[in-house]
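Below are the chains, spelled out letter by letter.
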Amino acid sequence: MSLPLSVSPAVAAALEAGTPVVALESTIISHGLPRPDNLEAARGFESILSGMGVVPATIAVLDGQLKAGLTDDELVRIAGEDIPKLSVRDLPIVLARGGSGATTVAATSYIADLAGIRVFATGGLGGVHRGAAETFDESADLKVLSEVPITVVSAGVKSILDIPATLERLESLGVIVLGFGTDTFPSFWLTDSGFELDWAVPDAAAVAEVMASRDELGQPAAILVANPLPVTEQLDPAVHDRALADALRMADEQGLSGKEVTPFLLQTIVGLTGGESLAVNLKIAANNIRVAGEIARSWASR
Ligand code: PSU
Ligand code: MN
């Protein structure tokens, strides 16, 4: 039985030659950014990597195939079609139906690993939700990162989540966490969540060294590279704190729970910040993609 995995010719050639490749997720395109800007963003993300001599591998599920590396027509589909958001457990169902969908950090990591890709850039990881002690709402992103040997670059997790609980779970799950030029965990729109990290690395070459020793030890878990925006680029903390508090209160007043909460909070925060949070979101993705490109180049040159 061969895997229902379709690796694009450019990605397959780079993997074969040992030249740098970076995986990109598709949920940020289909669900995280509004149309039609999302298509321009998706193309822009790929061109940051191409401009660095790194092959981009945007990951998605299309017509019953796991895809690593999309054509421009396929990017247009991801950006324009109403497709479901897929985590790892959804993949067998969608493949069985010959369906399509966008992949979360969990599903993207899983598919990238099947394709043999070692480095992945996202915006923000999923994590432990506020109130998880009662709801058990914790993203499958965390569990999958305990099982897949990928290096994922993320600007920490959003402040709509429970950040210290997320850090505790990353510890329990054995996920290797590195601050990229920082001793504190970023909280997506903000440079510094105030929560300290045990380990910092100065540059991409140092991340590649940790990848190599992780492989030597044969540890199963991923490496999470926590990459903050420079302070000058972050969302104004006063604007952020007010929007977050208002959005949380509105979600509570409307009695929202479960899967509805995150999309509601994110949309509400975009509205409350006059679109500023969205502009910062795009900068975060670009910043993470650049760092992932540098890590992939360091890894390929070892
Ligand atoms: N965080 C956001 N916006 C998003 C995501 C996370 O602020 O769109 C996406 C990512 O693809 C992430 C996924 O992997 O949602 C996590 O979803 P869940 O919490 O349902 O596992
Ligand atoms: Mn959830």
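Residues numbered from 1 in each chain as written. Chains lettered and ligands numbered in written order. Predicted model: local features only at pLDDT ≥ 70, side-chain atom pairs only at ≥ 80, totals over all residues.

A closer look at the pairing of strand β9 (residues 176-180)
Then comes step 1: The pairing of β9 with strand β11 (residues 223-226) spans four bridges and is parallel. The partner of Leu 178 across the bridge, within β11, is Val 225.
Then comes step 2: In terms of strand pairing, β9 meets strand β10 (residues 200-201) through two bridges, oriented parallel. When the sheet's bridge partners are listed, Phe 180 is paired in β10 with Val 201. (Pairing = 2+ DSSP bridges. Helix = DSSP H or I, 4+ residues; strand = E, 2+ residues; numbered from the N terminus.)

Re the domain arrangement of the protein
Then comes step 1: Here the domain parsing of the protein yields domain 1 (1-117) and domain 2 (134-302).
Then comes step 2: Between the C-alpha centres of domain 1 and domain 2 the distance comes to 20 Å.
Then comes step 3: Listed as interface residues are 21 residues of domain 1 and, on the opposing side, 20 residues of domain 2.
Then comes step 4: Sorting the residues of the side of domain 1 that touches domain 2 by element identifies β2 (21-24), α3 (37-51) and α6 (105-115) as the ones contributing at least two each.
Then comes step 5: The greatest single-element share of the side of domain 1 that touches domain 2, amounting to six residues, is contributed by α6.
Then comes step 6: Along the lines of polarity and charge, the residues of the side of domain 1 that touches domain 2 split into 15 nonpolar, five polar and one charged. (Domains from an automatic or database assignment. Contact = placed C-beta atoms within 7 Å. Nonpolar A, V, L, I, M, F, W, Y, C, P; charged D, E, K, R; others polar.)

Side note on the site of ligand 1
Then comes step 1: Residues in contact with ligand 1 amount to 16 residues; listed here are only the nearest, Thr 27, Thr 104, Val 105, Gly 126 and Ser 139.
Then comes step 2: Secondary structure elements with two or more residues in the shell around ligand 1: α2 (27-32), α6 and α8 (140-145).
Then comes step 3: Counted by class, the shell around ligand 1 contains five nonpolar, eight polar and three charged residues.
Then comes step 4: A domain-level breakdown of the shell around ligand 1 finds at least three residues from each of domain 1 (1-117) and domain 2 (134-302). (Near = placed C-beta within 6 Å.)

Structural notes on the nonpolar core
Then comes step 1: Ranked by internal contacts, the top residues of the largest apolar core, which has 94 residues, are Val 21, Val 22, Ala 57, Ala 112, Val 225, Ala 292 and Ile 295.
Then comes step 2: Counting residues per element, this core draws most heavily on helix α13 (residues 276-300), which supplies nine residues.
Then comes step 3: Beyond its immediate sequence surroundings of up to four residues, Val 21 is in contact with Val 11, Ala 14, Leu 15, Val 54, Val 55, Ala 57, Ile 117 and Ala 296. (Core = buried A, V, L, I, M, F, W, Y, C linked by C-beta atoms within 7 Å. Buried ≥ 20, exposed ≤ 12 C-beta atoms within 10 Å, placed from the backbone.)

Comments concerning the environment of Gly 275
Then comes step 1: Positionally, Gly 275 belongs in the loop between α12 (261-272) and α13.
Then comes step 2: Remark: the alpha-carbon pair of Gly 275 and Gly 101, spanning 174 residues in sequence, is separated by 26 Å.

Remarks on α6
Every α-helix winds through 3.6 residues per turn, so residues three or four apart in the chain are directed the same way.
Then comes step 1: Most of α6 is tucked away: nine of the 11 residues are buried.
Then comes step 2: For α6, the complete set of buried residues consists of Val 105, Ala 106, Ala 107, Thr 108, Ser 109, Tyr 110, Ile 111, Ala 112 and Ala 115.
Then comes step 3: Of the residues trailing α6, Gly 116 is marked for its positive phi of about 90°.

Description of the UniProt feature "binding site: Mn(2+)" (unreviewed entry) in the protein
Then comes step 1: UniProt records the feature "binding site: Mn(2+)" (unreviewed entry) at Asp 137, using the numbering of this structure.
Then comes step 2: In this structure, Asp 137 is in contact with His 129 and Ala 132, ignoring residues within four places of it in sequence. (UniProt positions renumbered as here; feature names shortened; annotations may be inferred.)

Comments concerning the environment of Pro 202
Then comes step 1: Here Pro 202 is to be found in the loop between β10 and α10 (204-217).
Then comes step 2: For the pair Pro 202 and Ala 41, spaced 161 residues apart in sequence, the C-alpha to C-alpha distance is 28 Å.

Thoughts on the UniProt feature "binding site: substrate" (unreviewed entry) in the protein
Then comes step 1: Here, UniProt's "binding site: substrate" (unreviewed entry) annotation points to Lys 85, Val 105, Ser 139, Ala 140 and Asp 141. Spanning 57 residues, the annotated positions come together in the fold, the maximum distance between their C-alpha atoms being 12.9 Å.
Then comes step 2: Within the element layout of this structure, Val 105 appears in helix α6.
Then comes step 3: Overall, Val 105 belongs to the buried group, with 27 C-beta atoms counted inside 10 Å.
Then comes step 4: The residues contacting Val 105, other than those within four sequence positions of it, are Glu 25, Thr 122, Leu 125, Gly 126, Asp 141 and Val 152.

Comments concerning the packing of α3 against α13
Then comes step 1: Interhelical geometry of α3 versus α13 gives an angle of 25° and a closest axis separation of 9 Å. The orientation of α3 relative to α13 falls into the category roughly parallel. As for the relative orientation of α3 and α13, their crossing is right-handed in sense. Across the interface between the two elements, Ala 41, Phe 45, Ile 48 and Leu 49 from α3 touch Leu 282, Ala 285, Ala 286, Ile 289, Arg 290 and Gly 293 from α13.
Then comes step 2: When the residues that make up the contact of α3 with α13 are grouped by side-chain class, the tally is eight nonpolar, one polar and one charged. (Axes fitted to C-alpha atoms, helices over the stretch in contact; angles between N-to-C directions. Parallel < 35°, antiparallel > 145°, perpendicular 65-115°, else oblique. Left-handed = near helix turned anticlockwise from the far one by under 90°.)

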